[in-house]
Amino acid sequence: MTEEKRPHLSDFKDRHGKTRWRFRRSGKTIAIPGNPGEPEFEEAYSAAVEGRPHKKATVVSMPGAALPGSFRAAWSRVQRSPEWIKHDPATKDKNTRLAAEFLDLPLVAGHPALWGDMLVRDLKRRHVKDILARFSATPHKAKHMLVTIRKMLAVALDEEWIETDPTWKLSYSPGYTGWRAWTDQERAMFEDRWPLGSTPRTAYGLALWLGNRRSDIARLRWEWFDFLTGTVTIQQKKGGKTLVLPMTPMLREILAPLERKSEFVLVTAYGQPFSEKSLTGRMADWTHSSGMPKGCTIHGLRKSLGKMLAETGATTRQLMETLGHDNIEHAELYSREAEQARLARDAMTQLTKSIRGKRTTPATGSS
């Protein structure tokens, strides 16, 4: 429909059947965007009438703005979900950092388009594999990145932006096993170098006989230890799970020579608690001074306890409750390894007895 009241303005249907507007005067045709009454249309028409160039409005992205159905919009909804609210601060911080890195990740190197601005429905399985491949040098980070992306996909499914999850049954197994347990020889080397009562031996003993993560070892308080009942109650930083653990003779041996000059059990030379990162760095220094190989970490002592528990017959459930695992697969890593060693040992013992028995049995028969 042509607007007859506007000089030189006419409309037409494009090949898609959409109404377009144009300004014709003195043999010159100017396309007018939008429709009558819209700001951009009115500005373009006025510019054509006045004979001046039309300047498009500058689009300014507001902080926190997100295109509906995009990954940024999905992440915004993740942070308002009940599941997110229940996460502990450490988990929120880790996922927030990973999400920010993903949202600002270019679709293609050198191209300005970012994944955060892409519609979730456009994500394909091959895209996910490409994203994970970019983090091949840090495989555990890639694994956690996949978990973070799946949080956004879960929201997209709930919002009906997508009908299927492109990461369904897509697994990503890191190429290495991470922190390893200390060997008996390494533990002996450390204990020979650092006497009871020293800060290195205290950090080592707390990590080994409590089996806690470094975040919990760094913040252990004396008030958590009940010497009358022989228990220690720990509120885990990661996951917020409460653990009530027994004070074994090995743990009491570590605590006995310590002076209570602070509310914290493990303190620096200045009487202040260690930070998580500083504790990691100091353990590297202490193990180096003990002549030990690289790879003996705070978390490795947690694995050492899990390994010893499994080897002495602890069930998967007992491992979970002692170490504070929520995922049964983590606890089964210890029990499966110990069970394999035990079954192999028993099988070979039976085979050895059978072979030796045959060799020592005298031959029978008539001469």
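Residues numbered from 1 in each chain as written. Predicted model: local features only at pLDDT ≥ 70, side-chain atom pairs only at ≥ 80, totals over all residues. Heavy atoms only, no water.

Undergrad: Where do I start with the overall build of the chain in this structure?
TA: Secondary structure summary: the chain contains 14 helices and 6 strands in total. Across the 367 residues of the chain, 34% fall into the buried class. Looking at the chain alone, contacts between residues at least 24 apart form 55% of all its contacts between residues at least 6 apart. In the structure as shown, the chain presents an accessible area of about 23000 Å², 54% of it carried by carbon and sulfur atoms. (Helix = DSSP H or I, 4+ residues; strand = E, 2+ residues; numbered from the N terminus. Buried < 20%, exposed > 50% of the residue type's maximum accessible area, 1.4 Å probe, protein only. Contact = heavy atoms within 4.5 Å. Areas by Shrake-Rupley, 256 points an atom, 1.4 Å probe, with all protein chains shown as cover.)

Undergrad: Looking at this structure, I do not really get the packing of aromatic side chains. What am I missing?
TA: Considering all chains together, one arrives at 12 aromatic pairs under this definition. Centroid distance Phe 71 to Phe 102: 5.2 Å. Interplanar angle 85°. Geometry classified as edge-to-face. Taken as a pair, Phe 71 in helix 2 (residues 71-78) and Phe 102 in helix 4 (residues 89-103) lie far apart in primary sequence, 31 residues in all. Take Phe 71 and Phe 102: they sit in the same class, and that class is buried. Aromatic side chains Phe 102 and Trp 115 sit 6.3 Å apart centroid to centroid with 20° between the ring planes, which places their arrangement in the stacked category. (Phe/Tyr/Trp six-rings, centres within 6.5 Å; stacked < 30°, edge-to-face > 60°.)

Undergrad: I'm lost on helix 12 (residues 298-311) in this one. Help?
TA: The α-helix advances 3.6 residues per turn, and as a result positions three or four apart in sequence lie on the same side. Taking 1.5 Å of rise per residue, 14 residues should cover 20 Å, and helix 12 covers 20 Å from first to last C-alpha, within 8% of that figure. Gly 313 lies just past helix 12 and shows a positive phi near 100°. (Expected span 1.5 Å × (residues − 1).)

Undergrad: Before we go on, may I ask you to explain the packing of helix 4 against helix 6 (residues 139-158) in this structure?
TA: Helices that pack against each other are described as a pair by the angle of their axes relative to one another and the distance between those axes. At their nearest, the axes of helix 4 and helix 6 sit 9 Å apart, and the two run at 85° to each other. For the element pair helix 4 / helix 6, the angle class is roughly perpendicular. Side by side, helix 4 and helix 6 meet where Lys 94, Asn 95, Leu 98, Ala 99, Glu 101, Phe 102 and Leu 103 of the first sit next to Lys 141, His 144, Met 145, Thr 148, Ile 149, Lys 151 and Met 152 of the second. Taken together, the residues of the contact of helix 4 with helix 6 sort by class into 7 nonpolar, 3 polar and 4 charged. (Axes fitted to C-alpha atoms, helices over the stretch in contact; angles between N-to-C directions. Parallel < 35°, antiparallel > 145°, perpendicular 65-115°, else oblique. Nonpolar A, V, L, I, M, F, W, Y, C, P; charged D, E, K, R; others polar.)

Undergrad: Would you mind showing me how to read the layout of surface pockets here?
TA: A water-sized probe rolled over the atoms picks out the places where empty space is left. One number sums up the size of the second largest pocket: a volume of about 290 Å³. What lines the second largest pocket is a set of 16 residues, and nearest its centre among them are Leu 258, Glu 259, Lys 261, Val 265 and Val 267. Partitioning the lining of the second largest pocket into residue classes produces 7 nonpolar, 7 polar and 2 charged. (1 Å grid on protein atoms, 1.4 Å probe; cavity = no way out; pocket = protein on both sides within 12 Å on 5 of 7 lines; lining within 4 Å. Points joined across faces, edges and corners; volume = space filled by probe spheres on them.)

Undergrad: Looking at this model, I keep getting lost on the nonpolar core. Mind explaining?
TA: Leu 206, Leu 210, Phe 225 and Leu 255 are the most contacted members of the largest nonpolar core, which has 42 residues in total. Those elements that place two or more of their residues in this core are helix 8 (199-210), strand 5 (231-235), strand 6 (242-246), helix 10 (249-255), helix 11 (276-289), helix 12, helix 13 (316-323) and helix 14 (328-360). Sort the elements by how many residues they give to this core and helix 8 lands first, with 7 residues. Excluding anything up to four places from it in sequence, Leu 210 contacts Gly 205, Leu 220, Phe 225, Val 232, Ile 234, Leu 245, Leu 251, Leu 305 and Thr 322. Counting residues in hydrophobic clusters, the runner-up holds 27 residues, among them Trp 75, Leu 98, Ile 149 and Ala 156. (Core = buried A, V, L, I, M, F, W, Y, C linked by side-chain atoms within 4.5 Å.)

Undergrad: Any chance you could explain the pattern of salt bridges here in plain terms?
TA: Close approach of charged atoms allows side chains with opposite charge to pair. One pass over the full model with this rule turns up 19 salt bridges. Across the pair Asp 93 and Arg 97 runs a salt bridge, and its minimum N-O distance is 3.2 Å. Of this pair, Asp 93 and Arg 97 both sit in helix 4, 4 residues apart, which is roughly one turn of the helix. For Asp 93, a relative accessible area of 43% translates into the label partly exposed. Between Arg 317 and Glu 321 there is a salt bridge whose closest N-O contact spans 3.1 Å. Taken as a pair, Arg 317 and Glu 321 lie in helix 13 at a separation of 4 residues, close to a single helical turn. Arg 317 gets classed as exposed once you look at its relative accessible area, which sits at 54%. (Salt bridge = Lys/Arg side-chain N within 4 Å of Asp/Glu carboxyl O.)

Undergrad: Honestly, the packing of helix 12 against helix 13 in this entry has me stumped. Any pointers?
TA: The contact between helix 12 and helix 13 brings their axes to 10 Å, and the two run at 150°. Put simply, helix 12 runs roughly antiparallel to helix 13. For the pair helix 12 and helix 13, the crossing hand works out as right-handed. Contacts from Arg 302, Leu 305, Gly 306, Leu 309 and Ala 310 in helix 12 reach Leu 319, Thr 322 and Leu 323 in helix 13. Its residues assigned to classes, the contact of helix 12 with helix 13 comprises 5 nonpolar, 2 polar and 1 charged. (Left-handed = near helix turned anticlockwise from the far one by under 90°.)

Undergrad: Just to check I follow, could you spell out the sheet that holds strand 3 (residues 28-32) for this structure?
TA: Strand pairing in a sheet takes place through backbone hydrogen bonds and is either antiparallel or parallel in direction. The 3 strands lie next to each other as 1-2-3, forming an open sheet whose pairing is antiparallel. Lying at the two open borders of the sheet, with one neighbouring strand each, are strand 1 (9-13) and strand 3. Each strand of the sheet is rotated relative to its neighbour by a mean of 35°, with strand direction disregarded. Pairing of strand 1 with strand 2 (residues 19-25), which is carried by 5 bridges, proceeds in the antiparallel orientation. Along strand 2, the bridge assignment pairs Leu 9 with Phe 23. Those strands touched by helix 1 (residues 39-50) are strand 1, strand 2 and strand 3, and its axis lies near 15° from that of strand 2. (Pairing = 2+ DSSP bridges.)

Undergrad: What is the right way to look at the environment of Lys 277 in this model?
TA: By the element assignment, Lys 277 lies in helix 11. Put simply, Lys 277 and Ser 215 are 62 residues apart on the chain and 9.0 Å apart in space, counted from C-alpha to C-alpha.

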